[in-house]
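In case you want the letters, here they are:
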Amino acid sequence: MIALSVNLNKIALIRNSREGSYPDVVAHGRLCLDAGAQGLTVHPRPDQRHIRPGDVRELAELCRSREGIEFNVEGNPFAEPLKDYPGLIPLVLETRPDQCTLVPDSNDQLTSDHGFDLKRDGARLKPIIAELKAAKVRVSLFMDSDLEQITLAGDVGADRIELYTGPYAEAVARQSGDIDAIFTAHSAAAEHARQLGLGVNAGHDLNLINLPRYRTLPGLQEVSIGHALTVDAISMGLDNAVTAYLNCLSGN
Ligand SMILES: CC(=O)[C@@H](O)[C@H](O)COP(=O)(O)O
Ligand SMILES: NCC(=O)COP(=O)(O)O
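Quantities reported herein were computed from a predicted structural model and do not represent experimental measurements.

**What about the UniProt feature "binding site: 1-deoxy-D-xylulose 5-phosphate" (unreviewed entry) in the protein chain?**
Consideration 1: With numbering aligned to this structure, UniProt lists the feature "binding site: 1-deoxy-D-xylulose 5-phosphate" (unreviewed entry) at Arg45, His50 and Thr111. These residues run over 67 residues, yet every pair of their C-alpha atoms falls within 11.7 Å of each other. In the annotated set above, the residues contributing to the lining of the largest cavity are Arg45.
Consideration 2: Structurally, the position occupied by Arg45 is in the loop between β2 (39-42) and α3 (53-64).

**Observations regarding the site of ligand 1**
Consideration 1: If you check the shell around ligand 1, you find Asn7, Asn9, Lys10, His43, Arg45, His50, Glu74, Val103, Thr111, Ser112, Phe142 and His204 and nothing else.
Consideration 2: Between Lys10 and ligand 1, the recorded distance is 3.0 Å, taken from a side-chain N or O atom to an oxygen atom.
Consideration 3: Within the side chain of Glu74, one N or O atom sits 2.4 Å away from an oxygen atom of ligand 1.
Consideration 4: Within the complex, the protein chains bury 91% of what would otherwise be the 360 Å² of accessible surface of ligand 1.
Consideration 5: More than half of the atoms of ligand 1 fall within 2 Å of the grid points belonging to the largest pocket.
Consideration 6: Residues belonging to the shell around ligand 1 are distributed by class as follows: two nonpolar, seven polar and three charged.

**A word on the nonpolar core**
Consideration 1: One finds Leu4, Leu40, Leu102, Leu141, Val223 and Val242 to be the most contacted residues of the largest nonpolar core, which totals 76 residues.
Consideration 2: Counting residues per element, this core draws most heavily on helix α10 (residues 238-250), which supplies seven residues.

**Here we look at the pairing of strand β3 (residues 70-75)**
Consideration 1: Among the six residues of β3, five are classified as buried, and the element is accordingly described as predominantly covered.
Consideration 2: Bridging between β2 and β3 involves four bridges; their strand directions are parallel. What sits directly across from Gly39, in β3, is Glu70.
Consideration 3: Assessed by its sense of winding, the connection that carries the chain from β2 through α3 to β3 is right-handed.
Consideration 4: In this structure, β3 lies alongside strand β4 (residues 99-102), joined through four bridges in parallel fashion. In the strand pairing of β4, Asn72 is matched with Gln99.
Consideration 5: In this region the chain leaves β3, passes through helix α4 (residues 88-95) and returns to the parallel neighbour β4; the handedness of that crossover is right-handed.

Reading guide: rules and limits
- Residues numbered from 1 in each chain as written.
- Chains lettered and ligands numbered in written order.
- Predicted model: local features only at pLDDT ≥ 70, side-chain atom pairs only at ≥ 80, totals over all residues.
- Heavy atoms only, no water.
- UniProt positions renumbered as here; feature names shortened; annotations may be inferred.
- 1 Å grid on protein atoms, 1.4 Å probe; cavity = no way out; pocket = protein on both sides within 12 Å on 5 of 7 lines; lining within 4 Å.
- Helix = DSSP H or I, 4+ residues; strand = E, 2+ residues; numbered from the N terminus.
- Near = heavy atom within 4 Å.
- Polar contact = N/O pair within 3.5 Å; in protein donor to acceptor, adjacent residues only side chain to side chain.
- Areas by Shrake-Rupley, 256 points an atom, 1.4 Å probe, with all protein chains shown as cover.
- Sits in = over half its atoms within 2 Å of the grid points.
- Nonpolar A, V, L, I, M, F, W, Y, C, P; charged D, E, K, R; others polar.
- Core = buried A, V, L, I, M, F, W, Y, C linked by side-chain atoms within 4.5 Å.
- Buried < 20%, exposed > 50% of the residue type's maximum accessible area, 1.4 Å probe, protein only.
- Pairing = 2+ DSSP bridges.
- Right-handed = clockwise from strand over helix to strand, strands pointing away.

So, in C-alpha cells, the structure goes:
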C-alpha cells in the first residue's frame, strides 16, 4: 500500500492571508486523517509564508494521538533562520515527527524545484542525519533521479529518498515528448534506491492526472501531496479530495 501524506502548507497559506486562525490548520489536518490519509506533511520555511512553528507542534500532537498515523516535517537544515523561526533541526528535535525530509531549498525559492547535490552537501549533512536518527526520526532526502546522487544518499546515512516528481508533473501537464523517458528515469532511481536498502517516497506537483503511473514505481512507500489536493478540495471538499487521492493510489 502506498501511504498518502497530505501536505497542509496551502491551508496555512490561506490562514496567513488574514489575522487570526481561519482556516484552522489542525482541524483540516484532522479532517484529512478522518478521511483516511495515512499521514500529514508540513514544510515550515524560515519566512513562515505558510506553516509556522506552532503548527508543527500542534500537528505533531495530533499525529501522535492517532495509531499508525505518520507526521513528516520537511525543510532545509542549512536555511538561515528568519524572525522567530528556530531552525528546522531544533524544531524537529523538539517535536519528534516520524520522519524529517531534508530539502535543499533556499529562502528565496518560490517552491521546491531540485534535489540535493550530495557531492557538495553530503559531508555537512551526515552529522545532521545521524543526530536525527539518534532521536528516532526517520530521515528522507529530497532527490532528483540521479543514480550517483542516490548512492551518496545511502552513504550519508539516509533511511529513505523522496524522489522529486516535479519534472514528470510538468511533462504530463505539457504533454511533452519526454514523459516516458522521465518516468523511466524515476523508476530506475527508485529501483536503485531499493537495491541500496533505501526506502522510496515521492512528491511535488503530484495530482489526480499524473499520480496513477506512480503505482508502478518500484518500492514506492509514500507520496506527499498538498498543492493539487488543496486545489481539488476547493471544488470537491477536502474529505472527498482525500478519498479521490486514496482511490487513485489503490487503483480503485
Ligand atoms: C518538498 C516539496 O516538494 C514540497 O513538499 C514543498 O513542501 C512544497 O513547498 P510549498 O508548499 O512551499 O510550495
Ligand atoms: N514533498 C512534496 C509535498 O509535501 C507536497 O508537494 P506539493 O503536492 O504541494 O507540490
